[in-house]
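As a plain string of letters, each chain reads:
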Amino acid sequence: MRNLSKTLLVVRNLFLSILFPKFCCNCRELLSESYQGLCSNCSSLINFNQTSFCSICRARLPQNKKICHKDAPYILAAATNYNSAAIRNLICQYKYRRRQTLVNPLANIVNTFIDKSGLKSIISTDTLIIPIPLHPKKQRERGFNQSLLLAQSLSTTLKLPVENILERKKPTTPQAEINDFEKRKINVADCFAINETARITNKIKNKDIVLIDDVYTSGSTLNEAAKMLKICGAKKIIALVIAKA
Ligand SMILES: [Zn+2]
Ligand SMILES: [Zn+2]
């Protein structure tokens, strides 16, 4: 009898979670407060990075200063790590189950990292926030660009403008579907451009950039985007992501 009522409870919670996503994305526990993505227990398991990283050798950068590869095209600022199930589930629900409201708990995670790592001290007031774009076809399929929503949310706390000026010139296979590092590099080679207005008006010349993506894996996508931004005159680039693999 006890088992039956337990099963009924699980089934009931499953239905409710489909109808009203008020459940923890990781452990499915009912959330009492407004929808936050993760319960307090799963949130407490998040391992925040304390520093940013070199984008070439991935060494930790104390005080967010380049110490090893001074020529690295950007500083990698990853809030946390993709090997955490809680983070992975949260990001997957956001991107693939298209739960746009999850941008709020994700932005909270990034903001907590910005505080803990002291990243704000190296972000100048002359900085533009630029999200990694999706190809228009992909964006139509998903209904939103996850990096743009995140950029807009972070724009409020960082008090910096979002300039959605990067474009994808060609459709690419999702990097998550490619395992080989070299093939990932080829897949995204020269896939980005700056939109015409931004190019004509020299929008990013001598500007610092916070480049937003959701997950950093091989770095190929961010490398390509940073390359394009540098060609257009960008100065310092900080690639800010929720998690690195
Ligand atoms: Zn939970
Ligand atoms: Zn390095």
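Structural data are supplied above this passage.
Asker: Teacher, can you tell me more about unusual backbone geometry here?
Answerer: Peptide bonds are trans in most cases, and residues, glycine excluded, mostly fall at negative phi. Despite not being glycine, Arg28 has its phi angle at roughly 70°, a positive value. In this fold, Arg28 is placed in the loop between helix H1 (2–19) and helix H2 (40–44). Positive phi, close to 65°, is recorded for Arg58, a residue that is not glycine. With respect to the helices and strands, Arg58 occurs in the loop between strand S1 (52–54) and strand S2 (60–61). Note on Arg58: relative accessible area 32%, which makes it partly exposed.

Asker: How do you make sense of the coordination of the zinc ion (ligand 2) when you look at a structure like this?
Answerer: Under perfect tetrahedral coordination by four donors, a metal shows angles of 109.5 degrees; under perfect octahedral coordination by six donors, it shows angles of 90 or 180 degrees. Those donors, Cys54 (SG), Cys57 (SG), Cys68 (SG) and His69 (ND1), are the protein atoms that reach the zinc ion (ligand 2), and they lie 2.1 to 2.3 Å from it. What the 4 donor atoms of the zinc ion (ligand 2) show is an angle range of 100 to 121° at the metal, which sorts the shape as tetrahedral. Here the donor residues of the zinc ion (ligand 2) share one chain and are spaced in sequence as C-x2-C-x10-C-H. Residue Cys54 is located in strand S1, and its partner His69 is located in the loop between S2 and strand S3 (75–81); the two are separated by 15 residues in the primary sequence. The buried category is assigned to Cys54, whose relative accessible area is 3%.

Asker: What should I look at first to understand the coordination of the zinc ion (ligand 1) in this one?
Answerer: Listed as protein donors to the zinc ion (ligand 1) are Cys24 (SG), Cys27 (SG), Cys39 (SG) and Cys42 (SG); their distances from the metal cover 2.3 Å. In this structure, the zinc ion (ligand 1) is coordinated by 4 donor atoms arranged in tetrahedral fashion, with angles at the metal of 104 to 116°. Counting along the primary sequence, the residues that act as donors to the zinc ion (ligand 1) give the motif C-x2-C-x11-C-x2-C. This pair shows no difference in class: Cys39 is buried, exactly as Cys42 is.

Cut-off values and rules
- Residues numbered from 1 in each chain as written.
- Chains lettered and ligands numbered in written order.
- Predicted model: local features only at pLDDT ≥ 70, side-chain atom pairs only at ≥ 80, totals over all residues.
- Heavy atoms only, no water.
- Helix = DSSP H or I, 4+ residues; strand = E, 2+ residues; numbered from the N terminus.
- Buried < 20%, exposed > 50% of the residue type's maximum accessible area, 1.4 Å probe, protein only.
- Donors = N, O, S within 2.8 Å, 3.2 Å for Na, K, Ca; no water.
- Tetrahedral: all angles 85-135°; square planar, octahedral: opposite > 155°, others 65-115°.

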